[in-house]
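What follows is the residue order along each chain.
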Amino acid sequence: MLRLFIPILFFAIFIAWVLYRLLIKKDLKQNLNSLYLGLIFIGVWVLIYYFLLK
């Protein structure tokens, strides 16, 4: 059951990373590859959740 909440934790960590890079370090444009990879990761988990909970 706990495995279902791990992607939510990853999403929260990813949002924290984006906000840190955007507001504190101000170098998000230099990390666009990581941003895109994170968005793809989240997209895959959204699809998995969609098909699991359907």
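Here the structure is a predicted model, which is why all the values come from computation and not from measurement.

Undergrad: Any chance you could break down the nonpolar core for me, citing the residues and the numbers?
TA: Core analysis: the biggest nonpolar cluster contains five residues, these being Phe 14, Val 18, Leu 28, Leu 35 and Ile 42. Taken together, the elements giving at least two residues each to this core come down to helix H1 (6-25) and helix H2 (32-53). Ignoring anything within four residues of it in the chain, the contact list for Leu 28 reads Trp 17, Val 18, Arg 21 and Leu 22.

Undergrad: Go over the packing of H1 against H2 with me, naming the residues and quoting the values.
TA: Here H1 crosses H2 at 155°, and the two axes come no closer than 11 Å. Taken together, the axis directions place H1 and H2 in an arrangement best described as roughly antiparallel. Two packed elements cross with a definite hand, and for H1 against H2 that hand is left-handed. Of the residues in H2, those in contact with Pro 7, Ile 8, Phe 10, Phe 11, Phe 14, Trp 17 and Val 18 of H1 are Ser 34, Leu 35, Gly 38, Leu 39, Phe 41, Ile 42, Trp 45 and Tyr 49.

Undergrad: Got a sec to walk through the packing of aromatic side chains? Specific residues and values, please.
TA: Counting across every chain of the model gives five aromatic pairs. Among the aromatic residues, those joined into a cluster by ring pairs are Phe 10, Phe 41, Trp 45 and Tyr 49.

Procedures and definitions
Residues numbered from 1 in each chain as written. Predicted model: local features only at pLDDT ≥ 70, side-chain atom pairs only at ≥ 80, totals over all residues. Heavy atoms only, no water. Core = buried A, V, L, I, M, F, W, Y, C linked by side-chain atoms within 4.5 Å. Buried < 20%, exposed > 50% of the residue type's maximum accessible area, 1.4 Å probe, protein only. Helix = DSSP H or I, 4+ residues; strand = E, 2+ residues; numbered from the N terminus. Contact = heavy atoms within 4.5 Å. Axes fitted to C-alpha atoms, helices over the stretch in contact; angles between N-to-C directions. Parallel < 35°, antiparallel > 145°, perpendicular 65-115°, else oblique. Left-handed = near helix turned anticlockwise from the far one by under 90°. Phe/Tyr/Trp six-rings, centres within 6.5 Å; stacked < 30°, edge-to-face > 60°.

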